[in-house]
Amino acid sequence: MTDTLKVTKISKSKIDQVDFSKLAFGTVFTDHMFVCEYKNGAWQTPEILPYGPLQMDPSAKVFHYGQAVFEGMKAYKDDNGDVFMFRPEENFNRINKSSERLAMPAFDKAYFFDGLNTLLNLDKDWIKSGENNSLYIRPFVIATENGVSASPATEYKFIIICAPAQAYYSGEVRVLFADHYSRSADGGVGFAKAAGNYAAQFYPTELAKEKGYNQVVWTDANSHEYLEEAGTMNVFFRVHDTLLTAPTSDRILDGITRKSLIELARSQGITVEVRPVKVSEIVEAAENGSLKEMFGAGTAAVISPISGFTHKDKKFDLPKPEDAYATKLKKQLTELQANRADDPFGWRYEVPALEV
Ligand code: COI
């Protein structure tokens, strides 16, 4: 721990009030949070504080212009009680890329890792070992400067909160291919984890939910002919035995689970084609039976098999192959993440045990 991190511990943990067998995703938070303020052109001394409400002026820019970005990460505990994260440097780099696109200052790497390591040591008991258990970590940055002039703020808060997690989707996931609304456009902010990217999906996703779908798979805004991502996950298609996924661009999130899966699958001899995927080829593959699987991949969703999709009122159910890539890759990925398997890629990060 650096001597620049100020820690104020809670007086009594609330962990006893939590039923870890029934956790709705992202609804229960741990005892502490990390907060660092930006002002006068610099990040100030970071702090760990008891988890609790923030006091902010109603004119703070985040409320008016949505100047906010976030990340999603996870920590895992193995059977010895040691704690691990998965490729955390990727999240650090990505939050700064997102911040840059929203005219926000880059965060400090030492503060980020000291904050995470200390927070995870303090709230270690909230991380449960075993399959499907993890601690979801949500770093985010918000514009806190007061005043409603439409210009980038000069003051921000970088905050990290943590929520014990199990599955993001319980049950089957059915999706709708977008043919009217769009998530992102060329030159836009689709690649960034900007808060507004998610808010903008809520309305069309609610319309899809009313029709029985869990998610929309977004298509390119110009023609709606190419499949892009599902908003909470990148998407993979297995046609015959080849995995297809769209290339990242300024419209698509550079998912860490996505890129890890591409490497993991290729290392096992699975052919992965990273290329524009046409709606028409997936519809045709579903019609002729060569579409064997479809799944979403993301930190929160891990790997979520998709049981069916609809495009322009044509509804398709997908088979449930016994040798599903989704099942096999999910097992390999989650075992690697939680230190239950070797890590030939060097992706696992062991959280150092600290005296806190
Ligand atoms: C994540 O997987 O961490 C995400 O950001 C998805 C989230 C919107 C639940």
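As named in an unreviewed UniProt entry, the protein is Branched-chain-amino-acid aminotransferase, taken from Leeuwenhoekiella marinoflava. The Cofactor (unreviewed entry) comment attached to the protein in UniProt states, word for word, "pyridoxal 5'-phosphate". Taken directly from UniProt, the Function (unreviewed entry) text for the protein runs: "Acts on leucine, isoleucine and valine."

**Some points on the site of the ligand**
All residues adjacent to the ligand are Phe-70, Gly-72, Tyr-136, Arg-138, Tyr-168, Lys-193, Tyr-198, Thr-299 and Ala-300. The protein chains hide 90% of the 280 Å² of surface that the ligand would expose on its own. Most atoms of the ligand, that is more than half of them, are within 2 Å of grid points of the largest pocket. Looking at the shell around the ligand residue by residue, the classes come out as 5 nonpolar, 2 polar and 2 charged. Mapped onto the domain boundaries, the shell around the ligand takes at least three residues apiece from domain 1 (6-167) and domain 2 (173-337).

**Side note on the packing of aromatic side chains**
Tallying each qualifying case throughout the model produces 24 aromatic pairs. Among the aromatic residues, those joined into a ring-pair cluster are Phe-34, Tyr-38, Trp-43, Phe-92, Phe-107, Tyr-111, Phe-112, Phe-113, Tyr-156, Phe-158 and Tyr-349. The lysine or arginine in question, Lys-128, covers the ring of Phe-20, its NZ or CZ lying 4.6 Å from the ring centre. In this arrangement the basic side chain of Arg-238 is found over the ring face of Tyr-325, its NZ or CZ atom lying 3.7 Å from the centre.

**Remarks on helix α4 (residues 195-210)**
Between its terminal C-alpha atoms α4 stretches 23 Å, which fits the 22 Å expected from 16 residues at 1.5 Å a residue. If you look at α4, its biggest bend is around 35 degrees, right at Phe-202, and the proline Pro-204 turns up within four residues after that. Every buried residue of α4 is listed here: Asn-197, Tyr-198, Gln-201, Pro-204, Thr-205 and Ala-208. Just downstream of α4, Gly-212 is the residue with a positive phi angle, here 100 degrees.

**Considerations on the pattern of salt bridges**
On inspection of all chains with the given rule, the structure shows 22 salt bridges. Ionic pairing is found between Glu-89 and Lys-109, a salt bridge with its closest N-O pair at 3.0 Å. On the criterion of sequence distance, the pair formed by Glu-89 in helix α2 (residues 88-101) and Lys-109 in helix α3 (residues 109-122) is long-range, its members being 20 residues apart. Look at Lys-109 and you get partly exposed, because its relative accessible area is 38%. Here Lys-209 ties to Glu-206 by a salt bridge, and the two come within 3.7 Å at their closest N and O atoms. Here Lys-209 pairs with Glu-206, and both are found in helix α4, just 3 residues apart, close to one helical turn. Given a relative accessible area of 43%, Lys-209 falls into the partly exposed group. What makes Glu-206 partly exposed here is its relative accessible area of 42%. Through salt bridges with shared partners, one network takes in Arg-238, Asp-241, Lys-292, Glu-293 and Asp-323.

Quick notes on the rules
- Counting starts from 1 at the beginning of each chain's written sequence and moves along it residue by residue.
- Two thresholds apply to this predicted model, a pLDDT of at least 70 for residue-level local features and 80 or more for giving and counting side-chain atom pairs, whereas whole-chain, interface and lining totals are computed over all residues.
- The side-chain values count all of the structure's non-hydrogen atoms but skip hydrogen atoms and water molecules.
- UniProt positions are given in the numbering used here, feature names are shortened, and annotations may be inferred rather than shown by experiment.
- The nearness test applies per residue and asks whether one of its heavy atoms lies within 4 Å of the molecule or strand.
- For every accessible area listed, the method is Shrake-Rupley and the probe measures 1.4 Å; residues are considered covered only by the protein chains on display.
- A 1.4 Å probe that fits into a set of points on a 1 Å grid over the protein atoms alone but cannot get out defines a cavity; an open set with protein on both sides within 12 Å along at least five of seven lines defines a pocket, and lining residues are those with an atom within 4 Å of a point.
- Cavity and pocket membership follows a simple rule, namely that a molecule belongs there if more than half of its atoms are within 2 Å of the grid points.
- In this classification, the charged set is Asp, Glu, Lys and Arg, the nonpolar set is Ala, Val, Leu, Ile, Met, Phe, Trp, Tyr, Cys and Pro, and all remaining amino acids, among them Gly, are polar.
- Note: domain ranges come from an automatic or database domain assignment.
- Each aromatic pair joins two rings of Phe, Tyr and Trp (for Trp, the six-membered one) with centres within 6.5 Å, and gets the label stacked for planes under 30 degrees apart, edge-to-face for over 60, and tilted for any other angle.
- A ring is considered to have a charge above it if a Lys NZ or an Arg CZ atom is located within 6 Å of its centre and within 35 degrees of its normal.
- Secondary structure elements are defined from DSSP: runs of H or I of at least 4 residues count as helices, runs of E of at least 2 residues count as strands, and each element is numbered from the N terminus.
- Multiplying 1.5 Å by the helix residue count minus one yields the expected span of that helix.
- To get the bend at any residue, fit one axis to the seven residues that end at it and another to the seven that begin at it, then take the angle between the two axes.
- Relative accessibility under 20% of the residue-type maximum defines a buried residue, over 50% an exposed one, and the middle range a partly exposed one, all with a 1.4 Å probe and only protein chains included.
- By definition here, a salt bridge exists when the distance from a side-chain nitrogen of Lys or Arg to a carboxyl oxygen of Asp or Glu is within 4 Å.

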